Amino acid sequence: QEHLVESGGGLVHPGGSLRLSCAASGSIIRLLSMGWYRQAPGKQRELVASITRGGTTTYADSVKGRFTISRDNAQNAMYLQMNSLKPEDTAVYYCNKYPNPLPALWGQGTQVTVSS
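Residues numbered from 1 in each chain as written. Predicted model: local features only at pLDDT ≥ 70, side-chain atom pairs only at ≥ 80, totals over all residues. Heavy atoms only, no water.

**Let's talk about the environment of Leu-80**
Then step 1. Examined against the element boundaries, Leu-80 turns out to sit in strand β8 (residues 77-82).
Then step 2. Residues Leu-80 and Thr-113, 33 residues apart in the sequence, show an inter-C-alpha distance of 15 Å.
Then step 3. If we skip the residues at most four places from it in the chain, Leu-80 touches Leu-18, Arg-19, Leu-20, Trp-36, Val-48, Ala-49, Phe-67, Thr-68, Ile-69 and Tyr-93. (Helix = DSSP H or I, 4+ residues; strand = E, 2+ residues; numbered from the N terminus. Contact = heavy atoms within 4.5 Å.)

**Details of the nonpolar core**
Then step 1. Ranked by size, the top nonpolar core spans 28 residues in total, and within it Leu-4, Trp-36, Met-78, Leu-80, Met-82 and Tyr-93 carry the most contacts.
Then step 2. Here the element with the most residues in this core is strand β3 (residues 18-24); it accounts for four residues. (Core = buried A, V, L, I, M, F, W, Y, C linked by side-chain atoms within 4.5 Å. Buried < 20%, exposed > 50% of the residue type's maximum accessible area, 1.4 Å probe, protein only.)

**Here's the deal with the sheet that holds strand β10 (residues 110-114)**
Then step 1. Overall, mixed pairing links the six strands, which are arranged β2-β10-β9-β4-β5-β6 in an open sheet. Unpaired on one side and paired on the other, β2 (10-12) and β6 (57-59) mark the two borders of the sheet. Here the strands of the sheet are splayed against their neighbours by 25° on average, with no regard to which way each runs.
Then step 2. As judged from the three bridges shared by strand β9 (residues 91-97) and β10, these two strands associate in the antiparallel manner. For Val-92, the partnering residue across the bridge sits in β10 and is Gln-111. (Pairing = 2+ DSSP bridges. Axes fitted to C-alpha atoms, helices over the stretch in contact; angles between N-to-C directions.)

**Things to note about the side chain of Thr-110**
Then step 1. Here Thr-110 lies in strand β10.
Then step 2. Residue Thr-110 is classed as buried on the basis of its relative accessible area of 8%.
Then step 3. For Thr-110, the side chain forms a polar contact with the main-chain nitrogen of Gly-9, separated by 2.9 Å. (Polar contact = N/O pair within 3.5 Å; in protein donor to acceptor, adjacent residues only side chain to side chain.)

**Here's the deal with the side chain of Arg-38**
Then step 1. Residue placement: Arg-38 occurs in strand β4 (residues 34-39).
Then step 2. Of the residues examined, Arg-38 reaches a relative accessible area of 5% and is grouped as buried.
Then step 3. Reaching out from Arg-38, the side chain makes a polar contact with the side chain of Glu-46 at a distance of 2.7 Å.
Then step 4. When residues no more than four places from it in sequence are discounted, the contact partners of Arg-38 are Gln-44, Arg-45, Glu-46, Val-48, Ser-62, Val-63, Phe-67, Glu-88, Asp-89, Ala-91, Val-92 and Tyr-93.

What follows is the structure, given as structure tokens:
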């Protein structure tokens with residue numbers, strides 16, 4: 001069964017950077033449009049960025065100009081480069097299919113904490 005594993009989170013000061021990675025056990029990243037999602041404490045999970053098979057990207061207004069989503073179809077992996085991080089970016093970050101994320105694909109996520 002396909003599963004996704006997120007990594008790369010951590011504690012960073014405001015203005016810092018992190019690069020998140022999403023690895024798939026199968027071919028899902030190579031075959032589908034994918035997205036990075038995040039869930040902050042007490043809030044609903046939200047879409048941060050998406051990328052099609054062909055590389056077309058979209059971003060939430062809150063991260064435009066600061067985050068960059070990319071994919072490596074050969075490696076069946078996806079990335080999220082996060083720059084100029086703000087405290088409000090603190091959340092657990094997940095990768096999944098976009099649109100219509102599959103419940104079975106939600107992994108453990110990776111915690112990003114932005115704090116001075």
